[in-house]
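The lines below spell out each chain.
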Amino acid sequence: MMKKEFMWIAGIEDTFVTKTDRTSARSLDEYELTQHYSNWEGDLEIIADTGFKYVRYGIPWYTVNPEKGRFDFSWTDRVFDFMGERGLIPIVDFIHYGTPHWMDNGFLNSCFPDYMADYELEVLERYKKSIDLFTPMNEPFITQEFCGRLSLWPPYLSGDDGFVKLLIATAKGIMKSVSSIKRELPNKYALHVEASGIFFSAERELQEEVKKMNEMRYLTYDLIQGKVDAKHCLFDYLYKNGVSGEDLDWFTENRITVDGFGVNYYPQLSVFKVSKEKGKIRTTPFYGGTEYLEKLIVNYHERYGGPIFLTETSINGEPDHQILWWRESLKLVEDLIDRGIDLKGYTWFPAIDLINWDYRYGSEPVEKYLEPMGFVSLKMDPSRQFRRSTGELATVMRNDLRGEE
């Protein structure tokens, strides 16, 4: 049975990879692309009316901190004031993959961890009376993968060497941010959020590779808690890619306590079958359903204890498929709580349909990249405005959540 203090959370997709360059002339600002900047009040009204009390809400670092040392809170002041009026509780998402344009080399800037810590403390000092919950960095693994290994986003590194460089920079940023906030504002709650990935294979020769793939998804959590040493299963991988004993000593000496372990899971996107074809390892998406969500949460429970939060889940498809996933996933969460797992919150993410990240490298109109994953649907009208609407999914959610009050 879910307790009264269980956190029902909705999130608005807030990717901000906005620096354009010769690789991509398109800015990926989800608030701009979904026209949230001009519809934020109505979007938040719908979330509140649907029955969600908490909102995972991103701050666009590049506009709030447009120049080094200068901050502009004119927009966020209005947003957070309105949330307070509507009884919505923000979980502030500080970094969703991008950095301000003035920061040379982005995450690889030698001062990045300090800039990140300064920014996050500045925000929480300003909103100390209205914001108690924060996420220092959303899905650090995705930043490490897209910016470090795959060369898709700035600063466009590649391979294992690039991945590890981003890993070290982002982990240090998280640790310095949380440490500075806890020192000045000890009652603030850091809800960390990481992307899940579950890999499996029936091929015996691939088991070691599968184990490595799975372990990589826990690496940031292990590192920031000072759990990576010579006995860690990825120690050799890190050592081969430039991480020294002194580096690991720094992480151990400066380790932080994780207030909440957030894990993101999408049944269509988070599970992969691993195979080998013509000498190359291949991963194929596999619909994981609640079976693999259960495996994931139990793994987190056994590895870290808790508290654990499901910080993102949803399904792409027709309303009946979305409703089925809502009901199946809620039933699983209730069952896990009854089994004694310290599961504190559930998040439908995104609340509003989002724009696929392929937009950054594409050329089609923005509406061609719409992903119907929210309980608020978007449809482009002839005047080039996205019209918002709610349907069966929102009705079911409203009825279920009102019943929880």
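To start, this report covers the structure provided alongside it.

Calculation criteria
- Residues numbered from 1 in each chain as written.
- Predicted model: local features only at pLDDT ≥ 70, side-chain atom pairs only at ≥ 80, totals over all residues.
- Heavy atoms only, no water.
- 1 Å grid on protein atoms, 1.4 Å probe; cavity = no way out; pocket = protein on both sides within 12 Å on 5 of 7 lines; lining within 4 Å.
- Points joined across faces, edges and corners; volume = space filled by probe spheres on them.
- Helix = DSSP H or I, 4+ residues; strand = E, 2+ residues; numbered from the N terminus.
- Nonpolar A, V, L, I, M, F, W, Y, C, P; charged D, E, K, R; others polar.
- Axes fitted to C-alpha atoms, helices over the stretch in contact; angles between N-to-C directions.
- Left-handed = near helix turned anticlockwise from the far one by under 90°.
- Contact = heavy atoms within 4.5 Å.
- Core = buried A, V, L, I, M, F, W, Y, C linked by side-chain atoms within 4.5 Å.
- Buried < 20%, exposed > 50% of the residue type's maximum accessible area, 1.4 Å probe, protein only.
- Pairing = 2+ DSSP bridges.
- Phe/Tyr/Trp six-rings, centres within 6.5 Å; stacked < 30°, edge-to-face > 60°.

## A word on the layout of surface pockets
In this structure, the largest pocket occupies an estimated 1300 Å³ of space. Looking at the largest pocket, it is lined by 41 residues, and the ones nearest its centre are Ile 142, Phe 146, Leu 269, Phe 272 and Trp 357. No other element matches the five residues that helix α6 (residues 140-149) contributes to the lining of the largest pocket. The class makeup of the residues in the lining of the largest pocket is 22 nonpolar, eight polar and eleven charged.

## Focus: the packing of helix α5 (residues 112-126) against helix α7 (residues 159-184)
Angle between the axes and distance between the axes: these two values describe a pair of packed helices. With their axes 8 Å apart at the nearest point, α5 and α7 run at an angle of 35 degrees to one another. When you trace α5 past α7, the crossing you get is right-handed. Taken together, the residues of α7 that come into contact with α5 (itself represented by Phe 112, Pro 113, Asp 114, Met 116, Ala 117, Glu 120, Leu 121, Leu 124 and Glu 125) are Ala 169, Thr 170, Lys 172, Gly 173, Ile 174, Lys 176, Ser 177, Ser 180, Ile 181 and Glu 184. For the contact of α5 with α7, the class distribution of residues is nine nonpolar, four polar and six charged.

## Quick look at the nonpolar core
Core analysis: the biggest nonpolar cluster contains 121 residues, and Leu 44, Ile 47, Phe 52, Tyr 57, Trp 326 and Phe 375 have the highest contact counts within it. Of the residues forming this core, the biggest block, ten residues, is contributed by α7. Within the second largest apolar cluster, seven residues are counted, among which are Met 7, Tyr 54, Leu 133 and Phe 309.

## Thoughts on empty space enclosed by the protein
Under the criterion given, the structure shown has three cavities of 30 Å³ or more. Counted as a void, the largest cavity has a volume near 50 Å³. Forming the boundary of the largest cavity are Phe 16, Thr 18, Ile 59, Trp 61, Tyr 62, Phe 94, Ile 95, His 96, Tyr 97, Gly 98 and Thr 99. Looking at the lining of the largest cavity residue by residue, the classes come out as seven nonpolar, four polar and no charged. Approximately 40 Å³ is the volume attributed to the second largest cavity. The wall of the second largest cavity is formed by Met 137, Pro 140, Ile 174, His 192, Val 193, Glu 194, Thr 220, Tyr 221 and Ile 224.

## Observations regarding the sheet that holds strand β6 (residues 133-135)
If you walk around this closed barrel you meet the eight strands as β1-β4-β5-β6-β7-β9-β12-β13, and the pairing is parallel. Averaged over all pairs of adjacent strands, the angle between strand axes in this sheet comes to 25 degrees, irrespective of strand direction. Two strands pair when backbone bridges link them, and strand β5 (residues 89-93) and β6 are joined in this way by three bridges, in the parallel orientation. By the bridge assignment, Asp 93 is partnered in β6 with Thr 135. Sitting on the sheet, helix α13 (residues 319-338) touches β1 (7-11), β12 (308-313) and β13 (343-348), and the angle it makes with β13 is about 175 degrees.

## Some details on the packing of aromatic side chains
Inspection of the entire model under this criterion finds 47 aromatic pairs. With a centroid separation of 6.3 Å and 75 degrees between ring planes, the pair formed by Tyr 57 and Phe 80 is classed as edge-to-face. Placement of the pair is Tyr 57 in strand β4 (residues 54-58) and Phe 80 in helix α4 (residues 74-86), with a sequence separation of 23 residues. When the centroid spacing of 5.2 Å and the interplanar angle of 90 degrees are considered together, the rings of Trp 250 and Phe 251 count as edge-to-face.

## Things to note about the sheet that holds strand β10 (residues 271-277)
Taken in spatial order, the three strands make up an open sheet running β8-β10-β11, and their pairing is mixed. Of all strands in the sheet, those with a lone pairing partner are β8 (198-200) and β11 (280-285), marking the two edges. Averaged over all adjacent pairs, the angle separating strand axes in this sheet is 35 degrees, with direction ignored. Sheet topology places β8 next to β10; three bridges connect them, and they run parallel. In the strand pairing of β10, Phe 200 is matched with Lys 273. Sitting on the sheet, helix α8 (residues 207-216) touches β8, β10 and β11, and the angle it makes with β8 is about 175 degrees.

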